[in-house]
Amino acid sequence: MEKKASVCIILAGILWGSMGIFVRKLGTYGFTSLQIASLRIIVGALIFLAVIFFADRKKLKIELRDLGWFLGLGIGSILMFTVFYFTTISMASLSVAAILLYTAPIMVMLMSLVLFREKLTVRKAAALAMAFSGCILVTGFTGGTQISAAAAGFGLLSGFGYGLYSILGTYVLRKYEPLTVTTYAFLCGGAGALAICNPPDIAAKIHRADDSGFLLLLILLTAFVTAVLPYLLYTVGLASTKASSASIMASVEPVVATVAGVVVFHETLTLASLAGILLVLGAITILNTGKRSSASNA
């Protein structure tokens, strides 16, 4: 189960890493970054609702007292981390925003130590350091960059929101199945996204497009590939993996984003980026080698 969980989490990170391809294409239609993020969540919510309705309607049943958990997952994590992330991008460089976002594994590990009483092993600490260092190299961050306190604050909030999914998800998965968790998380996040994305403007941009049929298909594909499938895979993996380890393994996302930039957009792969990729992959290998070793000792 742990091996399958790791595969699910890594696949989720790979799919998240492909997001830049879809975002750039949708951007050519005039959508703002916030509108693209909102479309992912809203359309994703509709897909999840359709899947659970036809697959097993019984999974739609939850206790009203647990609604707060799903609001936390949908609005506090999925929606708000995106809002904070794009706010940071508007105030600082993309590389700075990405590094602040990827403080998430550190926050998840610290919260896991307190909330779940996870042990901070040497292996896990080494993997965390390697993953974070790798993200710094991959995104091209330079230490001489200066940012405002507001940008740093929003960036750290994006990392907190990003990591919050692993923490809240761990709690909710003790009671509900992954499909139920992701469906309600997206329904809550989608409701919040509707309030901030200017739906009339989105509808107008779709209507004005010369290839509106293709655009609708692209929006549907974007939601499925970069939201529905990765979040479901990550949640399935999280059910059998410690939150801190899951968060580190998902750090493969910027690696995939970098590779996609090289392959699809012909961007330059620097030696620093290559070193960063190797560090992140090394961190994931260390974590999964540790799991196999533990299983063998058991």
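The paragraphs below set out a description of the structure included in this document. (Residues numbered from 1 in each chain as written. Predicted model: local features only at pLDDT ≥ 70, side-chain atom pairs only at ≥ 80, totals over all residues. Heavy atoms only, no water.)

1. Focus: helix α11 (residues 212-238)
Look at α11: 37 Å from first C-alpha to last across 27 residues, which is about the 39 Å you get at 1.5 Å a residue. At F224, α11 shows its strongest bend, of approximately 40°. (Helix = DSSP H or I, 4+ residues; strand = E, 2+ residues; numbered from the N terminus. Expected span 1.5 Å × (residues − 1). Bend = angle between axes of the 7 residues up to and from the residue.)

2. Looking at helix α9 (residues 178-194)
Structural remark: α-helix, 3.6 residues per turn; residues separated by three or four positions point the same way. Between its terminal C-alpha atoms α9 stretches 24 Å, which fits the 24 Å expected from 17 residues at 1.5 Å a residue. With respect to burial, α9 is a largely interior element, 13 of its 17 residues being buried. (Buried < 20%, exposed > 50% of the residue type's maximum accessible area, 1.4 Å probe, protein only.)

3. Points about the environment of F132
With respect to the helices and strands, the residue F132 is situated in helix α7 (residues 122-139). C-alpha separation for the pair F132 and L279, spaced 147 residues apart in sequence, amounts to 8.7 Å. In this structure, F132 is in contact with I99, Y102, T103 and I106, ignoring residues within four places of it in sequence. (Contact = heavy atoms within 4.5 Å.)

4. Considerations on the packing of helix α4 (residues 67-91) against helix α8 (residues 149-172)
For the pair α4 and α8, the least separation of the axes is 8 Å and the interaxial angle reads 155°. Of the possible angle classes, the one that applies to α4 and α8 is roughly antiparallel. Crossing hand, α4 versus α8: left-handed. Residues belonging to the contact of α4 with α8 are distributed by class as follows: 18 nonpolar, nine polar and no charged. (Axes fitted to C-alpha atoms, helices over the stretch in contact; angles between N-to-C directions. Parallel < 35°, antiparallel > 145°, perpendicular 65-115°, else oblique. Left-handed = near helix turned anticlockwise from the far one by under 90°. Nonpolar A, V, L, I, M, F, W, Y, C, P; charged D, E, K, R; others polar.)

5. Quick look at the side chain of T226
If you trace the backbone, T226 turns up in helix α11. Reaching out from T226, the side chain makes a polar contact with the backbone oxygen of T222 at a distance of 2.6 Å. Beyond its immediate stretch of four places on either side in the chain, T226 contacts L15, W16, S18, M19, F22, R40 and L221. (Polar contact = N/O pair within 3.5 Å; in protein donor to acceptor, adjacent residues only side chain to side chain.)

6. Side note on the side chain of S166
If you trace the backbone, S166 turns up in helix α8. A relative accessible area of 2% places S166 in the buried class. Filtering out sequence-adjacent residues up to four positions away, S166 remains in contact with V108, Y234, L238, A243 and S247.

7. Describing the nonpolar core
Formed by 84 residues in total, the largest nonpolar core has its most connected members in F31 and Y234. Sorting elements by how many residues they give to this core places α11 first, with 11 residues. Excluding anything up to four places from it in sequence, Y234 contacts C8, I9, A12, W16, Y165, S166, A246, S247 and A250. (Core = buried A, V, L, I, M, F, W, Y, C linked by side-chain atoms within 4.5 Å.)

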